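Observations on chain architecture
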Amino acid sequence: MKVKTILVSQPEPKADQLSPFSILSTKQKVKVDFRSFIHVEGLTVREVRNQKIDLGKYSAIILTSRNAVDHFFRIAEEMRFKVPNELKYFCQSEAVAYYLQKYVVYRKRKIYVGKRTFPDLCEIIKKHKTERFLLPSSDKLKDLIPESLDAMGLDWKRADLYRTVTSDLSDLEKVTYDVLVFFSPSGIQSLFKNFPEFKQNNTRIAVYGNSTVKAATEAGLQVDVSAPSPESPSMTMALEKYIKEVNKK
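The following refers to the structure shown.

The rules behind each value
Here, residues in each chain are numbered from 1, in the same order as that chain's written sequence. Note on the predicted model: pLDDT of at least 70 is required for a residue's local features to be given, and 80 or more for side-chain atom pairs to be given and counted; whole-chain, interface and lining totals, by contrast, use all residues. Calculation of side-chain values draws on the structure's entire complement of heavy atoms; hydrogens and water are dropped beforehand. Two strands qualify as a pair provided that DSSP identifies no fewer than 2 bridges between them. Numbering of helices and strands runs from the N terminus; a helix is a DSSP stretch of H or I covering at least four residues, while a strand is a stretch of E covering at least two. What counts as an axis is a line fitted to C-alpha atoms, over the stretch in contact for a helix, and the angles between N-to-C directions run from 0 to 180 degrees. Between two residues, a contact is recorded if the distance between any of their heavy atoms is within 4.5 Å. Accessible area is worked out with a 1.4 Å probe on protein chains only. A residue is then buried under 20% of its type maximum, exposed over 50%, and partly exposed in between. Here the arc refers to the set of directions running from the helix axis out to each C-beta atom. Buriedness of a pocket was judged along seven lines, with at least five required to meet protein on both sides within 12 Å; pockets are open sets of points on a 1 Å grid over the protein atoms alone, cavities are sets where a 1.4 Å probe fits but cannot get out, and lining residues have an atom within 4 Å of a point. Grid points are joined across faces, edges and corners, and a volume is the space filled by probe spheres set on the points. Polar here means any residue other than Ala, Val, Leu, Ile, Met, Phe, Trp, Tyr, Cys and Pro, which are nonpolar, and Asp, Glu, Lys and Arg, which are charged; Gly is therefore polar. When two rings of Phe, Tyr or Trp (its six-membered ring) have centres within 6.5 Å they constitute a pair, described as stacked for plane angles under 30 degrees, edge-to-face for angles over 60, and tilted for the intermediate range. Only Lys NZ and Arg CZ are tested; either one counts as a charge over a ring when it is within 6 Å of the ring centre and within 35 degrees of the ring normal. Every case where a carboxyl oxygen of Asp or Glu lies within 4 Å of a side-chain nitrogen of Lys or Arg is listed as a salt bridge. N or O atoms within 3.5 Å of each other form a polar contact, as long as, within protein, one can give a hydrogen and the other can take it, and as long as residues adjacent in sequence are counted only when both atoms are side-chain atoms.

**Remarks on the sheet that holds strand E3 (residues 38–42)**
The strand order across the open sheet formed by six strands is E3-E8-E7-E4-E5-E6, and the pairing between neighbours is mixed. At either end of the open sheet lies a strand with only one pairing partner, and these are E3 and strand E6 (110–113). Recorded for the sheet is a direction-independent mean angle of 25° between the axes of neighbouring strands. The pairing of E3 with strand E8 (residues 155–166) spans five bridges and is antiparallel. If you follow histidine 39 over to E8, its bridge partner there is valine 165. With respect to the sheet, helix H3 (residues 66–78) is in contact with E3, strand E4 (60–63), strand E5 (88–91), strand E7 (132–138) and E8, its orientation differing from that of E8 by roughly 105°.

This is the structure:
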């Protein structure tokens, strides 16, 4: 069956950004919609304090996402904690470091930036092992992160500052798409929480990452498109390859 409509289970990119999905839509003449299947909610000050978190005890902070940046500064403000100028920031990627400028004067802070992945950042962290590290995170954290920090023998503590919550998708109950695109196991969980009787039928499932593939197959879904792969490192490349194959028939 040809692909004419795609639903991406993420928020729509900002209007001023030319996203890979908008390019895909134009090139392949398919309709691409966006809808976040999950969203983030901040924990309260009381919930954070129940974790025995004292922000003043840490000399460095590890930031793996923009959500971590937002919720660290939110909770600091709500706790009336003045973030010290001397605090060292270890950012997983340039995108996270750039986003940090929303809250601090970049050139006046000690900011260390990884290339993209957490192991990349660990190579930098190793050079600062005497620091006391705080890791702001959500309630769902990849095992790789705490395992890597423990392996380095660091003095560190995790602080759950926000949680991943299933979005209400009831308005999509009678809407069908040729392809549903997922980037995390949480998206798969949201699909079945909103629609427990979901039947795949002719809907194609596209997933990114091994953990998402695993969640999809365990939920009884047939995965038709997956990324990354050597020939398709991005989701849009994998989708374009698939659409070209099925739409030419």
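Let's pick the thread back up.
**Thoughts on helix H5 (residues 118–125)**
Because an α-helix completes one turn every 3.6 residues, residues spaced three or four positions apart along the sequence face the same direction. Along H5, the residues classified as buried are Phe118, Leu121, Cys122, Ile124 and Ile125. The buried residues of H5 occupy an angular sector of 155° when the element is viewed end-on, so they sit on one face. Packed against the buried residues of H5 are E4, E5, E6, E7 and helix H6 (144–151).

**Observations regarding empty space enclosed by the protein**
According to the stated counting rule, one finds one cavity of 30 Å³ or more in the structure shown. Contributing to the lining of the largest cavity are Leu55, Tyr58, Ala60, Ile61, Phe72, Phe81, Leu87 and Leu134. In terms of residue class, the lining of the largest cavity is built from eight nonpolar, no polar and no charged.

**Focus on the packing of aromatic side chains**
Inspection of the entire model under this criterion finds nine aromatic pairs. Note on phenylalanine 37 and phenylalanine 182: the rings are 5.6 Å apart at their centroids and 85° apart in plane angle, and the pair reads as edge-to-face. On the criterion of sequence distance, the pair formed by phenylalanine 37 in the loop between strand E2 (31–34) and E3 and phenylalanine 182 in strand E9 (residues 179–182) is long-range, its members being 145 residues apart. Residue phenylalanine 182 is classed as buried on the basis of its relative accessible area, which comes to 0%. Centre to centre, the rings of phenylalanine 192 and phenylalanine 198 are 5.9 Å apart; their planes meet at 90°, and the pair counts as edge-to-face. Through a chain of ring-to-ring contacts, three or more aromatic side chains come together here, namely Phe72, Phe73, Tyr89 and Tyr103. When the ring centre of tyrosine 99 is taken as origin, the NZ or CZ atom of arginine 66, which lies over that ring, is 5.7 Å away. Seen from the ring of tyrosine 58, arginine 132 lies directly overhead, with NZ or CZ sitting 5.9 Å from the centre.

**Description of the pattern of salt bridges**
Tallied over the entire structure, the rule returns 13 salt bridges. Note that aspartate 155 and arginine 132 form a salt bridge whose closest N and O atoms lie 3.0 Å from each other. Of this pair, aspartate 155 sits in strand E8 while arginine 132 sits in strand E7; the two residues are 23 residues apart in sequence, bridging distant segments of the chain. Classification of arginine 132 as partly exposed rests on a relative accessible area of 36%. One network of salt bridges, with partners in common, ties together Lys27, Glu240 and Lys244.

**Digging into the side chain of threonine 203**
Among the structural elements, threonine 203 can be located in the loop between helix H7 (185–194) and strand E10 (204–208). Residue classification places threonine 203 among the buried residues on the basis of a relative accessible area of 13%. Side-chain polar atoms of threonine 203 contact the backbone oxygen of tyrosine 177, separated by 3.5 Å. Ignoring anything within four residues of it in the chain, the contact list for threonine 203 reads Tyr177, Asp178, Leu180 and Asp224.

**Some points on unusual backbone geometry**
The amide bond that connects alanine 227 to the next residue, proline 228, takes the cis arrangement and shows omega of 0°. As for its position among the elements, proline 228 is in the loop between strand E11 (223–227) and helix H9 (235–247). Unusually for a residue other than glycine, lysine 52 sits at a positive phi of about 60°. Here lysine 52 shows up in the loop between helix H2 (45–49) and E4. Overall, lysine 52 belongs to the exposed group, its relative accessible area being 68%. A positive phi angle is found at asparagine 201, which is not glycine, with a value near 50°. Looking at the secondary structure, you find asparagine 201 in the loop between H7 and E10. Asparagine 201 gets classed as exposed once you look at its relative accessible area, which sits at 69%.

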